[in-house]
Structures are given as C-alpha cells and as structure tokens.
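# Understanding the architecture of this molecule
Chain residues, written in single-letter form:
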Amino acid sequence: DLTACYRVLKSDVDALVVALRRYSYDRDLFYETRAKDTRGMSDVERAARLIFLNRTCFNGLWRVNSEGKFNVPFGRYKNPRILDEENLREGAKALKATKAKIVGGDFESATKNAGKGDFVYFDPPYVPLTKTAMFTDYVQGGFGLLDQERLARELHRLRDLGAHVMLSNADTPATRKLYKGFALHIVKVGRSINSDPTKRGQAGELVVTTWDAPGIYKDGALATARKRGSSRVAPS
C-alpha cells in the first residue's frame, strides 16, 4: 500500500487528489473503508485509502493483522486534514525531479545491486524496548529477531563493498550487541505513539553508521572507557 501510494504520488497526483476529495471524517465511512478488500483496487484507490485511514485512525498508526488487514480503530479528532493538496503536490514535484525507482520487497532484494559509493538508509521495525513490548507486526509476517540479525549481516556486507550505510533502531542492549563493530550514535527523539499517554515523549534511539570509527557516540563525541575513569575523544 505504501509503495503504491508513492508510485501514484510520482505518476498521477491529480487522480490522487480527486480520489481523496470523496472522503470525509466519518466513523461509519472509516470502518466501511477499512473493511474493503484492496486486491481489486487500482493504485490510486489504494493510495487514497491509505491516506484517509492514516489521517483518521487512532494516533495515525498504520498496522495490519496476521491476515494482512488494517486493524487500527477510528481516531477522535476535531477536524483532521484528509486532503493536504499543497503538500501532496510538493511531494509529487520532488519525486518527479529524481530518477527514483519505487519498489516493494525484502530489503536484501532492494540492496542487492548497491556497492561502492552508494548511500543506503535502513529504517526497520524497532527492536522492542522490553520483553513484554513485542509490537513488531506492522506488516503481515512481522519482523522478528532473525530478520534483525539478517539486517545486521547486510550492513556488514554493504560496508565491505564500500557503501555508506545508516540505520536507525531503538537503543537497547540487543541492538547494541547486534551492531557492535559499527559507530553507534545515541540520540533522544520524540515519540507521540504509545497506548499509555504518560509514556509518550523522549526515547533513546540508536543511529548506526558504517563510515565513522566504531564505538559508542554520545553528544557527537566518541566515548571511550578506560580502567580508571573515562574520557571522550572527538571522532576523526
């Protein structure tokens, strides 16, 4: 659905705008649209459906169940902006100005031809912060530990080929172990989606890069531990 949306944005934004004008902020319409089978839809219809559901569902979250069906409930808003025509047209303009090829598939198939001098950015489903926070199923089939390990191996492969790779994930003991041997930049980012409103706010995130010296970076500096005390050394 997401790749279809980007393809339409690049190729036929006018049709997407027309399709979105048919939607309104209505609870019955939301559940009727959510229940529709997308297999017979055109890319334009799928793109408009995705934007409508994303704009009107709870917390703007996109998630599907084990059958591949979108299952986020209706959200309560005063007046959600379903059609942001100016923003869509700016996005279409940006995409048309590139030679970008928008595809859907496994990350290994997307990066199989990447090599020296190429830049690759990965944004996988994040490793759960706790053993009970096992929400990784944004898509049918999920993205579990074996996938996370496979992704870490892909970073090693791409680095060895001379590609410049960046990846973001949650800052957890598991991710620090997975990407040991790379530069691990610790940053704080805002989080607006959580079932418990009190837990929304700043969260620790790990930004992995293949071109910096290996180690843990905090506040832009490489932190190096010694037997007695510690010091910080600016990365080269």
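Residues numbered from 1 in each chain as written. Predicted model: local features only at pLDDT ≥ 70, side-chain atom pairs only at ≥ 80, totals over all residues. Heavy atoms only, no water.

Throughout the structure, instances matching the rule amount to 11 aromatic pairs. With centroids separated by 5.1 Å and ring planes inclined at 90°, the aromatic side chains of Phe30 and Tyr31 adopt a geometry described as edge-to-face. Overall, Phe30 belongs to the buried group, its relative accessible area being 0%. Residue Tyr31 is classed as partly exposed on the basis of its relative accessible area, which comes to 27%. Seen in terms of ring centroids, Phe30 and Phe52 are 6.4 Å apart; in terms of plane orientation they differ by 55°. Their pairing is tilted. Of this pair, Phe30 sits in helix H3 (residues 27-35) while Phe52 sits in helix H4 (residues 43-56), and the two are 22 residues apart along the sequence. (Phe/Tyr/Trp six-rings, centres within 6.5 Å; stacked < 30°, edge-to-face > 60°. Buried < 20%, exposed > 50% of the residue type's maximum accessible area, 1.4 Å probe, protein only. Helix = DSSP H or I, 4+ residues; strand = E, 2+ residues; numbered from the N terminus.)

Tallied over the entire structure, the rule returns 14 salt bridges. Here Glu85 ties to Arg21 by a salt bridge, and the two come within 3.2 Å at their closest N and O atoms. With a gap of 64 residues between them, Glu85 in helix H5 (residues 85-96) and Arg21 in the loop between helix H2 (13-20) and H3 connect regions that are remote in the sequence. Classification of Glu85 as partly exposed rests on a relative accessible area of 27%. Among the ionic pairs, Asp106 bridges to Arg150, the shortest N-O distance being 2.9 Å. With Asp106 in the loop between H5 and helix H6 (107-110) and Arg150 in helix H7 (residues 145-161), this pair connects stretches of sequence that are 44 residues apart. When salt bridges that share partners are traced, they join Asp1, Arg7, Asp43 and Arg46 into one network. (Salt bridge = Lys/Arg side-chain N within 4 Å of Asp/Glu carboxyl O.)

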